[in-house]
Amino acid sequence: MKNKKSIGVKIFMYAVMIFTIIVSVFPILWVIMSAFKTNAQILSNPFSLPESIGFDAFVYIFEKYNFVRYFGNSLIICSVSTAVSLVIFSMGGYVIAKYRFPGKNLIFALFTITLLVPAQSKAQPIFSLVMKLDLYDNIWGVTLVYLSMGLAMSMFILKSTFMAIPKSLDEAAALEGAGFFTVFWKINLPLAKSGLATAGILMFLNNWNEYFYASLLTSSDQNRTLPLALQFFTESFSYDYTKLFAALTVVVLPGIILYACAQEQVQASVAASGVKG
């Protein structure tokens, strides 16, 4: 009787997982497949496989609409902001996880509160600051704003990661004469690569898909990011579905590839997040 129940539970669990995978993956696969179809094929049989593989739509959006520039802007902004943020946030997460000092809980609580603050509510002071720094309509102005994106979530992840690293390693290094930065850079940071990968991916994807501040802080075509370009394409290609799906594919694929390359680190970080140091 117990064996029958366990088999039933397993079947149910597998059914739920298969359903979840289909619901999650099918829309992405459908968009990618549609980028290789003609408009007639999409309208006549939207769920069929492409009759032939052609890259005409991709060539068109890259040559005709300066898509290389938009892609490059997003790549520079997201890569620089993520890299700099990881260095700063990892230092903060390390100190909060490893050290005791007055106001520690208050500081961490302030980080947590930022999760409750809507991004739009900070628009006016951020816009004023960017204007005073003469960085309006400049990709470095957007990069500066993106540095603080994902602060609270990254601190949560990195704090948990550093807490999972035994303090005995820090103490042993200190006995050997290692200073604060040596212990941080050469011992803790390499062991925290799973948490760094998770925080980095979340920040990169958040910045990659961000639209509000990119539209607020830029105005010229040469400083557009991919989400802004995608909005433009949605209006321009409202009836040219092949080119619209090609643009969507270019926007979506980098995030999928990035996660696929670092999925083991992300899973390790999720597993370690429940370990207390």
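K.L.:
It is not clear to me how the packing of aromatic side chains should be interpreted in this structure. Could you clarify?
P.N.:
Tallied over the entire structure, the rule returns 21 aromatic pairs. Between tyrosine 94 and phenylalanine 184 the ring centres are 5.1 Å apart and the planes differ by 50 degrees, which places this aromatic pair in the tilted class. Taken as a pair, tyrosine 94 in helix α4 (residues 67–98) and phenylalanine 184 in helix α10 (residues 180–191) lie far apart in primary sequence, 90 residues in all. Side by side, tyrosine 94 and phenylalanine 184 carry an identical accessibility label, which is buried. With centroids separated by 5.6 Å and ring planes inclined at 20 degrees, the aromatic side chains of phenylalanine 204 and tryptophan 208 adopt a geometry described as stacked. Placement of the pair is phenylalanine 204 and tryptophan 208 together in helix α11 (residues 193–209), with a separation of 4 residues, close to one helical turn. Each member of the pair, phenylalanine 204 as well as tryptophan 208, carries the same accessibility label: buried. Clustering of aromatic rings is evident, with ring pairs tying together Tyr94, Tyr99, Phe162, Phe180, Phe181, Phe184 and Trp185. For the cation-ring pair, lysine 159 lies above phenylalanine 108, with the distance from its terminal atom to the ring centre recorded as 5.0 Å. Over the face of the ring belonging to tyrosine 60 we find lysine 243, whose NZ or CZ atom lies 4.5 Å from the ring centre.

K.L.:
Please clarify how the environment of proline 46 should be interpreted in this entry.
P.N.:
Within the secondary structure, proline 46 is located in the loop between α2 (39–44) and α3 (56–64). Residue proline 46 is classed as partly exposed on the basis of its relative accessible area of 25%. With 70 residues separating them along the chain, proline 46 and leucine 116 place their C-alpha atoms 41 Å apart. Not counting residues up to four positions away in its chain, the partners in contact with proline 46 are Trp30, Lys37 and Gln41.

K.L.:
What exactly am I supposed to notice about the side chain of threonine 218 here?
P.N.:
Tracing the sequence through the fold places threonine 218 in the loop between α12 (212–217) and α13 (226–236). By relative accessible area, which is 7% here, threonine 218 ends up buried. One polar contact links the side chain of threonine 218 to the main-chain carbonyl oxygen of alanine 214, over a distance of 2.4 Å. Once you skip the residues sitting within four places of it in the chain, threonine 218 turns out to touch Tyr136, Asp137, Val142, Asn223 and Leu228.

K.L.:
I keep staring at the environment of leucine 49 and nothing clicks. Help me out?
P.N.:
Within the secondary structure, leucine 49 sits in the loop between α2 and α3. Using a relative accessible area of 65% as the deciding quantity, one classes leucine 49 as exposed. Sequence separation between leucine 49 and leucine 116 is 67 residues; the distance between their C-alpha atoms is 44 Å. Not counting the four nearest positions on each side in its chain, leucine 49 is found in contact with Met33 and Lys37.

So, how was this worked out
Residues numbered from 1 in each chain as written. Predicted model: local features only at pLDDT ≥ 70, side-chain atom pairs only at ≥ 80, totals over all residues. Heavy atoms only, no water. Phe/Tyr/Trp six-rings, centres within 6.5 Å; stacked < 30°, edge-to-face > 60°. Helix = DSSP H or I, 4+ residues; strand = E, 2+ residues; numbered from the N terminus. Buried < 20%, exposed > 50% of the residue type's maximum accessible area, 1.4 Å probe, protein only. Lys NZ or Arg CZ within 6 Å of the ring centre and 35° of its normal. Contact = heavy atoms within 4.5 Å. Polar contact = N/O pair within 3.5 Å; in protein donor to acceptor, adjacent residues only side chain to side chain.

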